[in-house]
Amino acid sequence: MNAPFDARAALEAAQWLLRMQEASLGDAERRAFEAWRDSHPDHHEAWRRAERLCQTLAIVPPALRQPQHQPQEERRRALKQLAMLIACTAPPLWLASRSPWWQCRRAGIATATGEIRHLTLPDGTRLALNTATAIDVAFDDSTRLIVLHAGEIHLRSAPDPATVPRPLLVRAGCGSVHAIGTRFAVREEGSLCSPRTRVCVTQGAVEIVPSQDRQAARIVASGWQTSFDDTSVAELAAAAAGSEAWLQGVLIAERMPLGEVLAQVARYRSGVVRCDPAVARLPVDGIFQLNDTDRILALLQLSLPIRVSLRTPYWVSVGPA
């Protein structure tokens, strides 16, 4: 069992790790880092764990990367989450196995960032995988099962050709979604520490069953959407207009806040896209091709009083003009 060490060391290691992810350290900063690391055994241990975490994930989990100019409360929250991962006595490999990056590497079927893929399953069900999505399909004599590890899928169910009809289930991180002759989408969202699953139904109905409380099961009918965690299902809301537009590779914005538009763009683009709160509520209207995120950013800059800054091709900041 790992010996406990000062939690402050984990927090300081998280701060150094994020600084190294955001920019290369100068000579003075490098010397300061080495002085910190070598000043106490707890610092050495915290940094060893931080390096193991990065080696397992290849990068810091995207949900935990925050730029220096983010609001202080958001940055403190990210640092605490990363420090928790560093300090946790659970093996970093287990923590890594919960990340979308890892799930996409190990799944039977997966899409890359920006890729949309359409499939037809053996029973005739039509399945679409959105960007950065990972699934496994397991059909047997009793069940038609799709396991969603990361990302988003859309299903148009077909009548089961088997002699004895089998239920069509989607198993996600927070529970399961039972199809009832339907067309619907299931998306993993939230964060590594607070996962949620979103469901949007455009035809028929589904039953949501949280993994830790079957009594909280709920039916969602056509035209409605909701999200759930492992114990409860949120209140229903009307399905968003254009919720299926990604199936044709487009994003439809109708008075959509800029911050939400950029959050969608970020899903189809490698790296980080950040939006200054000062412009996040600007309304956006338009139809955008998701396979060209550079053009989306250029069009937004032309039509709104904003400035798009690229620190690198993988780090985009959007703020006031």
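Predicted, not measured: the structure shown is a model, and the values here were computed from it. For every chain, the first residue of the written sequence is number 1, and numbering continues from 1 onward in sequence order. Given that the model is predicted, a residue must reach a pLDDT of at least 70 before its local features are reported, and side-chain atom pairs must reach 80 or more before they are shown or counted; all residues, however, enter totals for whole chains, interfaces and linings. Processing note: side-chain calculations cover all non-hydrogen atoms of the structure and skip hydrogens and water entirely.

1. Comments concerning the packing of aromatic side chains
Pairing of aromatic rings covers Phe, Tyr and Trp, the last through its six-membered ring, and needs centres within 6.5 Å; plane angles under 30 degrees mean stacked, over 60 mean edge-to-face, and all others mean tilted. Applying the stated criterion across every chain yields a total of three aromatic pairs. With 4.7 Å between their ring centres and 65° between their planes, F33 and W47 make a pair best called edge-to-face. Of this pair, F33 sits in helix α2 (residues 27–38) while W47 sits in helix α3 (residues 41–57), placing them 14 residues apart in sequence. Type-normalised accessible area, obtained with a 1.4 Å probe on protein chains alone, sets the label of each residue: buried when under 20%, exposed when over 50%, and partly exposed for intermediate values. For W47, a relative accessible area of 7% puts it in the buried group. Through pairs of rings, three or more aromatic residues link up here, namely W16, F33, W36 and W47. Counting from the N terminus, the helices are DSSP H or I runs at least four residues long and the strands are E runs at least two residues long.

2. What about the nonpolar core?
Membership of the largest hydrophobic core comes to 25 residues, with the highest contact counts inside it found for L258, V261, L262, V284, L300 and I306. If you list the elements that add at least two residues to this core, you get β13 (250–257), α7 (258–267), β14 (272–275), β15 (283–289), α8 (293–303), β16 (306–312) and β17 (315–320). Looking at this core, the element that brings in the most residues is α7, giving four residues. Discounting chain neighbours no more than four positions away, the residues touching L300 are L258, V261, L262, V284, F288 and I306. As used in this record, nonpolar core signifies buried Ala, Val, Leu, Ile, Met, Phe, Trp, Tyr and Cys residues forming a set joined through side-chain atoms within 4.5 Å. Counting residues in each nonpolar core, the second largest holds 23 residues, with L129, L148, V186 and V199 among its members. Any two residues whose heavy atoms approach within 4.5 Å are treated as being in contact.

3. Details of the sheet that holds β17
Spatially, the three strands line up as an open sheet ordered β14-β17-β16, and their pairing is mixed. This sheet does not close on itself; its edge strands, each paired only once, are β14 and β16. Pairwise comparison of adjacent strand axes, ignoring direction, gives a mean angle of 20° for this sheet. Between any two strands, pairing holds if DSSP finds at least two bridges. Relative to β17, β14 runs parallel, the two being bridged by four bridges. Bridge pairing in β17 links V272 to W315. Simply put, an axis is a line fit to the C-alpha atoms, just over the touching stretch for a helix, and the angle between two N-to-C directions goes from 0 to 180 degrees. Lying on the sheet, α7 is in contact with β14, β16 and β17; it crosses β14 at an angle near 175°.

4. Considerations on the confidence of the model for the protein
Per-residue pLDDT for the protein has a mean of 84; in total, 81% of the residues score no lower than 70. Scored below 50 in pLDDT, residues 56–70 shows 42 contacts in the model against residues more than four places distant or in partner chains. Taken together, the stretch residues 89–94 has pLDDT below 50 and engages in six contacts with residues farther than four places along the chain or on a different chain. Note on scores: pLDDT gives the predictor's confidence for each residue, bounded by 0 and 100.

5. Side note on the side chain of R183
By the secondary structure assignment, R183 is in strand β8 (residues 175–190). A distance of 3.0 Å separates the side chain of R183 from the side chain of E244, its partner in a polar contact. Sequence-distant contacts of R183, defined by excluding residues within four places in its chain, comprise H154, L155, R156, C200, V201, T202, Q203 and E244. Contacts described as polar in this section are N or O atom pairs within 3.5 Å, which, within protein, must combine one atom able to donate a hydrogen with one able to accept it, while residues neighboring in sequence count only if both atoms come from side chains.

6. What to know about the environment of I153
In this structure, I153 sits in strand β6 (residues 152–156). Taking the C-alpha atoms as reference points, I153 and I135, separated by 18 residues in sequence, lie 8.7 Å from one another. If near-sequence neighbours (up to four positions away) are discounted, I153 is found in contact with L127, A128, L129, T133, I135, I146, L148, V170, F184, A185, V186 and W246.

7. What to know about unusual backbone geometry
A positive phi angle, near 50°, is found at A132, a position not held by glycine. Positionally, A132 belongs in the loop between β3 (126–129) and β4 (134–139). Residue A132 is classed as partly exposed on the basis of its relative accessible area of 26%. For R255, which is not glycine, the phi dihedral falls at a positive 55°. Within the secondary structure, R255 sits in strand β13. Under the relative-accessibility criterion, R255 is labelled exposed at 56%.

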